Amino acid sequence: MAFVEPVTLSIRGVQLVPLALEHEPGLHAAAADGALWNIRVTSVPEPEAMRAYIESALAMRQAGNRLAFAVIEADNGKVLGCTSYHDIVPAVKRVEIGYTWYGKSSQRTHVNTTCKLLMLTHAFETLDCHVVGWRTDNFNFASQAAIERLGAKKDGVIRGHALRRDGTIRDTVMYSLRSGEWPEVKAQLLYLLDRPRS
């Protein structure tokens, strides 16, 4: 049995459903909401590359190093984006959360906070992970701020770590959250979701 098995996670009107080819049209629409593939510091696929993106995620799931989810609005089935567990290391009970993107209309809403609550709860309380990690482009300041708002700690920067789609080489900022830090982070996520929105 794999350390991370496909599972559907759901809370507060948001569902995380294991990514499948049937989600391709919905992901097309989500990516088109803001033409996200034009953002230099993200890895959102171009519309014509969406099927290959999904097939790659499924191959990585088969290999045991990624479990990708479609992020879905529970009441109407609309696909809002995508997120994943990846770089799964069963021996040390570590996963990373990444490959995360949402259509522009879902950004700066409750969606990302809800997804993180679902994924972190599953990682720490079901999978019994010791640590959950994140990585992001050194120029993706919005992503860094979002990760830091979760309460994750900055581990450092890996210089010259990966290629961007435009061929430049990026530095990667690494973050992590340990299991002992989870209760406080969970309380903060619940607080953020429960506070009145103006």
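Residues numbered from 1 in each chain as written. Predicted model: local features only at pLDDT ≥ 70, side-chain atom pairs only at ≥ 80, totals over all residues. Heavy atoms only, no water.

Draft legend 1. Seen up close, the packing of aromatic side chains. Applying the stated criterion across every chain yields a total of four aromatic pairs. Ring geometry for Phe-139 against Phe-141: centres 6.1 Å apart, planes inclined by 90°, an arrangement best described as edge-to-face. Phe-139 gets classed as partly exposed once you look at its relative accessible area, which sits at 45%. Judged by its relative accessible area of 53%, Phe-141 is exposed. A cation over a ring is seen here: Arg-66 above Tyr-53, with NZ or CZ 5.5 Å from the ring centre. In this structure, Arg-66 packs its charged tip against the face of Tyr-99, placed 3.6 Å from the ring centre. (Phe/Tyr/Trp six-rings, centres within 6.5 Å; stacked < 30°, edge-to-face > 60°. Buried < 20%, exposed > 50% of the residue type's maximum accessible area, 1.4 Å probe, protein only. Lys NZ or Arg CZ within 6 Å of the ring centre and 35° of its normal.)

Draft legend 2. How the structure looks around the side chain of His-23. Looking at where His-23 falls in the secondary structure, it is placed in the loop between β2 (14-18) and α1 (24-32). By relative accessible area, His-23 is classed as buried at 7%. With sequence-adjacent residues up to four places away left out, His-23 is seen in contact with Val-17, Pro-18, Ile-54, Ala-70, Ile-72 and Val-79. (Helix = DSSP H or I, 4+ residues; strand = E, 2+ residues; numbered from the N terminus. Contact = heavy atoms within 4.5 Å.)

Draft legend 3. The arrangement of the pairing of strand β5 (residues 94-102) in detail. Among the nine residues of β5, seven are classified as buried, and the element is accordingly described as predominantly covered. Pairing of strand β4 (residues 79-89) with β5, which is carried by six bridges, proceeds in the antiparallel orientation. Along β5, the bridge assignment pairs Cys-82 with Trp-101. As defined by bridge partners, β5 adjoins strand β6 (residues 131-137) across three bridges and the pair is classed as parallel. Directly across from Val-95, in β6, lies its bridge partner Val-132. Between the parallel elements β5 and β6, the chain passes through helix α3 (residues 110-126) in a crossover that is right-handed. (Pairing = 2+ DSSP bridges. Right-handed = clockwise from strand over helix to strand, strands pointing away.)

Draft legend 4. Region of interest: the sheet that holds β4. Read from one edge of the open sheet, eight strands run β1-β2-β3-β4-β5-β6-β8-β7, paired in mixed fashion. Only two strands of the sheet have a single neighbouring strand rather than two, namely β1 (9-11) and β7 (153-163). Strand after strand, the sheet turns through a mean of 25° between neighbouring axes, direction not considered. Pairing analysis gives seven bridges linking β6 to strand β8 (residues 169-178), with the strands arranged antiparallel. What sits directly across from Asp-137, in β8, is Thr-172. Along the sheet, α3 contacts β1, β2, β3 (66-73), β4, β5, β6 and β8; its crossing angle with β5, the most-contacted strand, is approximately 160°. On the sheet, helix α4 (residues 141-150) packs against β6 and β8 and is oriented at approximately 160° with respect to β6. (Axes fitted to C-alpha atoms, helices over the stretch in contact; angles between N-to-C directions.)

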